[in-house]
Amino acid sequence: FQLSSSLLRKEVEQTYIMIKPDGVQRGLVGEIISRFEKKGFLLKGLKLFQCPKDLAQEHYKDLKERPFFPNLIDYITSGPVVCMAWEGDGVVASARKLIGATNPLQAEPGTIRGDLAVQTGRNVVHGSDSPDNGKREIGLWFKEGELAQWESVQTPWLIE
Ligand code: IDP
Ligand code: MG
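The rules behind the values
- Residues numbered from 1 in each chain as written.
- Chains lettered and ligands numbered in written order.
- Predicted model: local features only at pLDDT ≥ 70, side-chain atom pairs only at ≥ 80, totals over all residues.
- Heavy atoms only, no water.
- Core = buried A, V, L, I, M, F, W, Y, C linked by side-chain atoms within 4.5 Å.
- Buried < 20%, exposed > 50% of the residue type's maximum accessible area, 1.4 Å probe, protein only.
- Helix = DSSP H or I, 4+ residues; strand = E, 2+ residues; numbered from the N terminus.
- Contact = heavy atoms within 4.5 Å.
- Pairing = 2+ DSSP bridges.
- Axes fitted to C-alpha atoms, helices over the stretch in contact; angles between N-to-C directions.
- Disulfide = S-S within 2.5 Å.
- UniProt positions renumbered as here; feature names shortened; annotations may be inferred.
- Near = heavy atom within 4 Å.
- Polar contact = N/O pair within 3.5 Å; in protein donor to acceptor, adjacent residues only side chain to side chain.
- Areas by Shrake-Rupley, 256 points an atom, 1.4 Å probe, with all protein chains shown as cover.
- Nonpolar A, V, L, I, M, F, W, Y, C, P; charged D, E, K, R; others polar.

Looking at the nonpolar core
If you look at the biggest cluster of nonpolar residues, it comprises 20 residues, and the most contacted ones within it are Ile-17, Ile-32, Phe-36, Met-84, Trp-86 and Ile-112. Of all the secondary structure elements, the ones that give two or more residues to this core are β1 (14-19), α3 (29-39), β3 (81-87), α6 (91-99) and α7 (112-116). No other element matches the 4 residues that α6 contributes to this core. Contacts of Phe-36, omitting those with residues within four sequence positions, involve Ile-17, Phe-41, Trp-86, Ala-95, Leu-98, Ile-99 and Ile-112. Of all hydrophobic cores here, the second largest spans 17 residues; its members include Cys-51, Leu-55, Ile-73 and Cys-83.

Quick notes on the sheet that holds strand β2 (residues 42-49)
Pairing is antiparallel across the open sheet formed by 4 strands, whose spatial order is β2-β3-β1-β4. Of all strands in the sheet, those bounded by a partner on one side alone are β2 and β4 (125-127). Strand-to-strand, the axes of this sheet are offset by a mean angle of 15°, without reference to chain direction. Bridge count between β2 and β3: 7 bridges; the pairing is antiparallel. Bridge pairing in β3 places Gly-45 opposite Ala-85. Relative to the sheet, α3 contacts β1, β2, β3 and β4, its axis offset from that of β3 by approximately 5°.

Description of the state of the cysteines
The final tally for this structure, using the stated rule, is 0 disulfides. Left without a disulfide partner, Cys-51 is nearest to the cysteine sulfur of Cys-83, which lies 7.6 Å away.

Remarks on the UniProt feature "active site" (unreviewed entry) in the protein
If you check UniProt for "active site" (unreviewed entry), the listed places come out as His-126 in our numbering. You can see His-126 is positioned in strand β4. Not counting the four nearest positions on each side in its chain, His-126 is found in contact with Tyr-16, Ile-17, Met-18, Lys-20, His-59, Tyr-60, Ile-99, Arg-113 and Glu-137.

Topic: the site of ligand 1
Inspection of the region around ligand 1 gives Lys-20, Tyr-60, Leu-63, Phe-68, Leu-72, Arg-96, Thr-102, Arg-113, Thr-120, Gly-121 and Asn-123 as its neighbouring residues. A distance of 2.7 Å separates an oxygen atom of ligand 1 from a polar atom in the side chain of Arg-96. Take Arg-113: an N or O atom from its side chain is 3.0 Å from an oxygen atom of ligand 1. Contact with the protein chains hides 72% of the accessible area of ligand 1, taken as 530 Å² for the molecule alone. In terms of residue class, the shell around ligand 1 is made up of 4 nonpolar, 4 polar and 3 charged.

Pasting the structure below:
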């Protein structure tokens, strides 16, 4: 019996990743999840979810004065989203790189938005912008007990 390394580590960084309603409608769920899976991060939480208006407003509260805010709330609540919690050292910044720039036309090829979207208002995926916001957003979108405690068999082949 071996005590798993991640149980011994104090606090592993987590990020909140969400496939927005356009990503779900366009059949990109598998493609987007697969990018994070293949990279080697650990999936800790996953659900398909119809977001209520007040949660969308809370999630994007820093943008509430922006002119596009009402459209943003309509967009995020327009259909189901896929909520995910991903874990790993450096996962927040790395996920932002995998996702690409906010404006998909400026996002590099090879990124999710660079490969799969054309407009800021339909940019298919969200990723937390700091470890603190990762924590905050996972707390907002997931209830107690919804995150899985598990260890991937791949871990020793990903982390020396
Ligand atoms: P991010 O998602 O890359 O972190 P933020 O600036 O935090 O970008 O904006 C949050 C989300 O709000 C964007 O992903 C996009 O869906 C939407 N958004 C941001 N700026 C605009 C805009 O100018 N027009 C329409 N939607 C926008
Ligand atoms: Mg943001």
